[in-house]
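Below, each chain spelled out in residue letters.
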Amino acid sequence: MKTVTLTNDFHRTETRVRLKPSKWGEGEITWQQEARARKALCGVDGCTCAGHAGVRGGLYVVEPDTWNWDDGTPQTFVVYAPQGGTA
Ligand SMILES: [Zn+2]
């Protein structure tokens, strides 16, 4: 299993997440991990500094990858490096 560091350059925070293998990108995280990362990186009610997982800047981007078809909420998120970097 691979662990990567997600960062938020607005709040100057970072958090590490453990990835599961995925079809594309560096790996995937569950919606629970996404929520935990968002709380660690931003955690401010109503703050719009960041996208998924509270990531802003840094090497990795987090996007929904699979959804719960019952309520439309993301189930897993893929973590990828848009610039192709790995760390
Ligand atoms: Zn914020």
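This text goes with the structure placed above it.
Heads up: these notes are all about the structure in this document. Within each chain, residue numbers correspond to sequence positions counted from 1 in written order. With pLDDT at 70 or above as the cut-off, local features in this predicted model cover only qualifying residues; side-chain atom pairs require 80 or more to be listed or tallied, and sums for whole chains, interfaces and linings still use all residues.

So, on to the overall build of the chain. What counts as a helix is a DSSP run of H or I of at least four residues, what counts as a strand is a run of E of at least two, and both are numbered from the N terminus. Helix and strand content of the chain: one helix and five strands. For the chain, the N- to C-terminal ordering of α and β elements is β-β-β-α-β-β. The globule rule used for comparison is 2.2 Å times the number of residues to the exponent 0.38, while the radius of gyration itself is calculated over C-alpha atoms. For the chain, whose C-alpha radius of gyration is 12 Å, the value lies close to the compact-globule estimate of 12 Å for 87 residues. In terms of overall dimensions, the chain has a C-alpha envelope of 30 × 30 × 20 Å along the principal axes. Partly exposed residues are those whose C-beta has more than 12 but fewer than 20 other C-beta atoms within 10 Å; 20 or more makes a residue buried and 12 or fewer makes it exposed, with C-beta atoms placed from the backbone. Within the span of the chain, comprising 87 residues, buried residues form 25% of the whole. By the convention adopted here, residues are in contact when the distance between their C-beta atoms, placed from the backbone, does not exceed 7 Å. Of all intrachain contacts in the chain linking residues separated by at least 6 positions in sequence, the fraction that spans at least 24 positions is 49%.

Here we take up the sheet that holds strand S3 (residues 27-30). Sheet strands pair via backbone hydrogen bonds, and the direction of the pair is either parallel or antiparallel. Being paired, for any two strands, means DSSP has found at least two bridges between them. Read across the open sheet, the three strands follow the order S3-S5-S4; overall the sheet is antiparallel. The open sheet terminates on both sides in strands that have one partner only, identified here as S3 and strand S4 (61-67). Along the sheet, successive strands turn relative to each other by an average axial angle of 35 degrees, direction set aside. Where S4 meets strand S5 (residues 74-80), six bridges bridge the pair, whose relative direction is antiparallel. The residue of S5 that forms the bridge with Trp67 is Pro74. To define axes, lines are fitted to C-alpha atoms, for helices over the stretch in contact only, and angles between the resulting N-to-C directions are given on a 0 to 180 degree scale. Together, S3, S4 and S5 form the strand contacts of helix H1 (residues 31-41), whose direction differs from that of S3 by roughly 85 degrees.

Right, let's talk about unusual backbone geometry for a bit. The backbone of Arg12 shows a phi angle near 55 degrees, a positive value even though the residue is not glycine. Relative to the assigned elements, Arg12 resides in the loop between strand S1 (2-8) and strand S2 (13-19).

Now for the nonpolar core. In terms of nonpolar packing, the biggest core is built from 15 residues, with Leu6, Leu41, Ala53, Val55, Val62 and Val79 touching the most fellow members. Mapped onto this core, the elements with two or more residues apiece are S1, H1 and S5. What Leu6 contacts, discounting residues up to four positions off in sequence, is Glu14, Thr15, Val17, Ala37, Leu41, Ala53, Val55, Gly58, Tyr60 and Val62. By convention in this section, buried Ala, Val, Leu, Ile, Met, Phe, Trp, Tyr and Cys residues joined through C-beta atoms within 7 Å make up a nonpolar core.

Restricting attention to buried positions, one finds in H1 the residues Gln33, Glu34, Ala37, Arg38 and Leu41. Seen end-on, H1 carries its buried residues on one side only, within an arc spanning 135 degrees. Next to the buried residues of H1 lie S1, S2, S3, S4 and S5. Starting at the helix axis, one direction is taken to each C-beta atom, and the arc is that of these directions.

The next thing to look at is the pairing of S5. Bridging between S3 and S5 involves four bridges; their strand directions are antiparallel. Pairing of Ile29 across the sheet is with Phe77, part of S5. Linking S4 back to S5 in an antiparallel pair, the connection comprises six residues, with Gly72 at a positive phi of about 75 degrees.

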